[in-house]
Amino acid sequence: MLVLIGVGGGVEQLLATSAFQHAPAALVSPISYTAIIWASIFGYFIWGDIPQIHTYLGAIFIIISTLFILKFQQRKIKT
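Quick look at the structure, then. (Residues numbered from 1 in each chain as written. Predicted model: local features only at pLDDT ≥ 70, side-chain atom pairs only at ≥ 80, totals over all residues. Heavy atoms only, no water.)

Looking only at helices and strands, the chain has 4 helices and 0 strands in total. Along the chain, helices and strands appear, N-terminal first, in the series α-α-α-α. Taken over the C-alpha trace, the chain has a radius of gyration of 15 Å; the compact-globule value for 79 residues is 12 Å, which it surpasses by more than 25%. Viewed in the frame of its principal axes, the chain has a C-alpha envelope of about 45 × 30 × 10 Å. Looking at the chain as a whole, 11% of its 79 residues qualify as buried. (Helix = DSSP H or I, 4+ residues; strand = E, 2+ residues; numbered from the N terminus. Rg over C-alpha atoms; globule rule 2.2 N^0.38 Å. Buried < 20%, exposed > 50% of the residue type's maximum accessible area, 1.4 Å probe, protein only.)

Written out as structure tokens, the structure reads:
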């Protein structure tokens, strides 16, 4: 299990580095903040950990801000 976690983390780091090379940082950074959402999902299914309300509020804030930035970037690209 630890080896799989290490390999997964290494692959994730390579993909994140590639994303920062090929896209603007303002577009890629908010997407990397979704790690809290993934951590909550894996924490629930692997350890049975139920996130507190603050986790849900933070996740909602992250999703909304990411969508806002993506929409802003699309509008900026069109002009």
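Before going further, it helps to examine the packing of aromatic side chains. Under the definition given, this model contains 2 aromatic pairs. With a centroid separation of 5.2 Å and an interplanar angle of 75°, the aromatic rings of Tyr44 and Phe45 are classed as edge-to-face. Residue class for Phe45 comes out exposed when judged on its relative accessible area of 66%. (Phe/Tyr/Trp six-rings, centres within 6.5 Å; stacked < 30°, edge-to-face > 60°.)

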